[in-house]
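# Results of the structural survey
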Amino acid sequence: MTPTALMNIPSRVTDLVDLKTKGLTVTCATSFEILPVDFAYRDNPFQAFIFLCRYKGNVDGEDFEFRKCYARGCPDNLCAHVSQAVMVANRYLQKDYRKLEKGGIEVEKRLFTLEDMTHKFDGYQKDSGATLVIHDYINIAKEGNDTTVTVELEYVPGVEHFIGYDNEMTFMMVGFTITCLGEINRFERCLACYQTEREEEEKEYRISIANERLKILYGEFDEVSIKYDKRFF
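In short, a report on the structure. Numbering of residues begins from 1 in every chain and follows the order in which that chain's sequence is written. With pLDDT at 70 or above as the cut-off, local features in this predicted model cover only qualifying residues; side-chain atom pairs require 80 or more to be listed or tallied, and sums for whole chains, interfaces and linings still use all residues. Side-chain calculation: all heavy atoms of the structure are included, whereas hydrogens and water are not.

Glancing now at the environment of Ser225. Counting through the fold element by element, Ser225 comes out in the loop between α6 (199-223) and β7 (227-228). For the pair Ser225 and Thr148, spaced 77 residues apart in the sequence, the C-alpha separation amounts to 9.2 Å. Helix numbers and strand numbers start at the N terminus; a helix is a DSSP run of H or I with at least 4 residues, a strand a run of E with at least 2.

What follows deals with the pattern of salt bridges. Definition used for salt bridges: Asp or Glu carboxyl oxygen within 4 Å of a side-chain nitrogen of Lys or Arg. In this structure the tally under the stated criterion is 12 salt bridges. Among the salt bridges present, the one from Arg91 reaches Asp136, with a minimum N-O distance of 2.7 Å. One end of the pair, Arg91, is in helix α3 (residues 82-102); the other, Asp136, is in helix α5 (residues 134-142), with 45 residues separating them in the sequence. The classification of residues rests on relative accessible area computed with a 1.4 Å probe and restricted to protein chains. Under 20% of the type maximum is buried, over 50% is exposed, and intermediate values are partly exposed. Classification of Arg91 as partly exposed rests on a relative accessible area of 33%. Salt bridges sharing partners connect three or more residues here, namely Glu33, Arg54 and Glu65.

This part covers the side chain of Asp96. Position of Asp96 relative to the elements: it lies in helix α3. Any pair of N or O atoms that falls within 3.5 Å is considered a polar contact. Within protein, one atom must be able to donate a hydrogen and the other to accept it, and sequence-neighbouring residues count only if both atoms are side-chain atoms. Of note is the side chain of Asp96, whose polar atom sits 2.8 Å from the side chain of Lys68. The contact partners of Asp96, leaving out residues within four places of it in the chain, are Val13, Tyr55, Lys68 and Tyr70. Two residues qualify as a contact provided that any one of their heavy atoms is within 4.5 Å of a heavy atom in the partner residue.

Quick look at α5 now. Within α5, seven of the nine residues are buried, which leaves the element mostly enclosed by the surrounding structure. Listed as buried for α5 are Ile134, His135, Asp136, Tyr137, Ile138, Ile140 and Ala141. A positive backbone phi angle near 100° is found at Gly144, which sits one or two residues after α5.

This paragraph deals with the packing of α5 against α6. The angle between two axes is taken between their N-to-C directions and runs from 0 to 180 degrees, where each axis is a line fitted to C-alpha atoms and a helix contributes only its stretch in contact. Where α5 meets α6, the closest approach of the two axes is 9 Å, and the angle between their N-to-C directions is 25°. Here α6 runs roughly parallel to α5, going by the angle between their axes. Residues Ile134, His135 and Ile138 of α5 lie in contact with α6, whose contacting residues are Leu217, Glu220 and Phe221. A class-by-class count of the residues in the contact of α5 with α6 yields four nonpolar, one polar and one charged. In what follows, roughly perpendicular refers to angles from 65 to 115 degrees, roughly parallel to angles under 35, roughly antiparallel to angles over 145, and oblique to any angle outside these ranges. All amino acids are sorted into three groups, where Ala, Val, Leu, Ile, Met, Phe, Trp, Tyr, Cys and Pro are nonpolar, Asp, Glu, Lys and Arg are charged, and the leftover types, Gly among them, are polar.

For strand β1 (residues 26-39), the tally of buried residues reaches 10 of 14 residues, placing the bulk of the element in the interior. Criterion used throughout: strands pair if DSSP finds at least two bridges between them. Here β1 runs beside strand β2 (residues 46-59); their pairing, made up of 14 bridges, is antiparallel. Bridge pairing in β2 places Leu35 opposite Ile50. Once β1 ends, the chain turns through six residues before running back antiparallel as β2, passing Arg42 with a positive phi of about 50°. Bridge analysis of β1 against strand β4 (residues 147-162) gives three bridges, and the strand direction is antiparallel. Within β4, the position partnered with Asp38 by the bridge is Val159.

This is the structure:
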């Protein structure tokens, strides 16, 4: 499929809301996947779990389907712990549910659960800890607290493991190092991804999706005077 053809297909929650605003009939349902992925990160390859939500439905008679990654977690210090990733994923997922509801699109508000991890993956251990996300710091900055964010962009190759087959992907990761209230914290988000073997067909369009998501986030930074360097893929 060409980049032009891809742009005519809803690929974001925002696309669905925009189409609904234009008067089109939009239906939507969600399903979840928690996939083990082998990441080739610099000189430190590691396995993590990615929390995916698949959006599937119909826009004026035309079917659509896309997926969104809500968190990445692993049992070591290379990324957020899996139990924290479940909760972070749900916070971002609930934010999208509110966006859909506000746009007039009905969707069942199901969430990821810790039981998904215990049932699907041997050796998973429940853990607890802070579940702050970037928008918590936006709210802190809104109260007048100085906040600075360093933005790092990376293309990270990985292999998703499905039952019976593997899928090579390139993930467009953004690392946010946040200095606020005397503390430094790091968060990361995957803003888009594409099949590695389809880089020529998909990369340009996926870059546009990632950058649109960055524009929205930067706009929220600007509203509360967060200091940052504006970077794009």
